[in-house]
Amino acid sequence: MKTTDDILKLGDPRLYEICEPVLKEELPIVQAWVKDLHEAMEDIRARYGFGRGIAAPQLGIMKRLFYLNLDKSYIIINPEIKNPSKELFEIWDDCMSFPNLLVKVKRHQSLTLEYLDENWEKQSWNVEGAISELVQHEYDHLDGILCTMRAVDWKAFRWKS
């Protein structure tokens, strides 16, 4: 069972790597990866009280895959962000790789996410606000970008109380 302890922490060089696409022949493995992502997220929720999404590289799975657990579960394979809005908003972002830190970042208010689902079927999802921010956060992980790298300025860091 995967736990918070299995999540790569800030400074781990793997968090800064660009992930490889999931290949169609890897689809049978995806369910096992998603199970691991779900278990780690549930442990973060229990320990720290947050967690709506987790990216595969946070568990050292260097593939373009992330998992969201919102009103339902979403398995996002090989995503692409399309049509990001010009309108931005600021938000205090958190991350399972540094669960006691908040980082103020700017994110696009809305976007379209194109991806493959767990059945290798193409999907398109228009998102805005908090879900747009979440998608951008998880997508950044796939490109080796952490929210610490998107901080609005040097005062944009806070410890969670």
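Residues numbered from 1 in each chain as written. Predicted model: local features only at pLDDT ≥ 70, side-chain atom pairs only at ≥ 80, totals over all residues. Heavy atoms only, no water.

1. Side note on the pattern of salt bridges
- With the rule as written, the count across this model stands at 14 salt bridges.
- Across the pair Asp12 and Arg14 runs a salt bridge, and its minimum N-O distance is 2.8 Å.
- Given a relative accessible area of 36%, Arg14 falls into the partly exposed group.
- A salt bridge links Arg52 to Glu133; its shortest N-O distance comes to 3.2 Å. In this pair, Arg52 is assigned in the loop between α1 (27–48) and β1 (53–55) and Glu133 in helix α2 (residues 129–142), connecting sequence segments 81 residues apart. (Salt bridge = Lys/Arg side-chain N within 4 Å of Asp/Glu carboxyl O. Buried < 20%, exposed > 50% of the residue type's maximum accessible area, 1.4 Å probe, protein only. Helix = DSSP H or I, 4+ residues; strand = E, 2+ residues; numbered from the N terminus.)

2. Remarks on the environment of Lys9
- Looking at the element boundaries, Lys9 is found in the segment before α1.
- Separated by 138 residues in sequence, Lys9 and Cys147 place their C-alpha atoms 13 Å apart.
- What Lys9 contacts, discounting residues up to four positions off in sequence, is Thr4, Leu15 and Ser97. (Contact = heavy atoms within 4.5 Å.)

3. A look at the pairing of strand β4 (residues 88–95)
- Pairing geometry for β4 and strand β5 (residues 98–108), over seven bridges, is antiparallel. When the sheet's bridge partners are listed, Phe89 is paired in β5 with Arg107.
- Between β4 and β5, which pair antiparallel in sequence order, lie two residues. (Pairing = 2+ DSSP bridges.)

4. Considerations on the packing of aromatic side chains
- A complete count under the given rule lists one aromatic pair for this structure.
- Summarising the aromatic geometry, the rings of Tyr74 and Trp125 are spaced 4.4 Å apart at their centres and angled 15° between planes, so their arrangement reads as stacked. One end of the pair, Tyr74, is in strand β3 (residues 73–82); the other, Trp125, is in strand β7 (residues 122–128), with 51 residues separating them in the sequence.
- By relative accessible area, which is 12% here, Tyr74 ends up buried.
- Here Arg64 stacks its cationic end above the ring of Tyr139, 5.6 Å away from the centre of that ring.
- For Lys160, the ring lying beneath its charged end belongs to Phe50, and the centroid distance is 3.5 Å. (Phe/Tyr/Trp six-rings, centres within 6.5 Å; stacked < 30°, edge-to-face > 60°. Lys NZ or Arg CZ within 6 Å of the ring centre and 35° of its normal.)

5. Some thoughts on the environment of Lys122
- As for its placement among the helices and strands, Lys122 is situated in strand β7.
- Considering only alpha carbons, one finds Lys122 and Tyr48, 74 residues apart in sequence, at a separation of 34 Å.
- In this structure Lys122 touches Tyr115 and Leu116, once residues within four positions along its chain are discounted.

6. Thoughts on unusual backbone geometry
- In this model, Asn78 sits at a positive phi of 50°, which is unusual for a non-glycine residue.
- Within the secondary structure, Asn78 is located in strand β3.
- Among the residues examined, Asn78 registers a relative accessible area of 18% and is labelled buried.
- Positive phi, normally seen in glycine, also occurs at Trp120, with a value near 65°.

7. Observations concerning α1
- The terminal C-alpha atoms of α1, which comprises 22 residues, lie 31 Å apart, in line with the 32 Å expected from a rise of 1.5 Å per residue.
- Of all the residues in α1, the buried ones are Leu27, Val30, Trp33, Val34, Leu37, Glu39, Ala40, Met41, Asp43 and Ile44.
- Buried residues along α1 sit in contact with β1, β2 (65–69) and β3.
- Trailing α1 by a residue or two, Gly49 shows a phi angle of about 75°, which is positive. (Expected span 1.5 Å × (residues − 1).)

So far we have only geometry, and geometry alone does not tell us how the molecule works.
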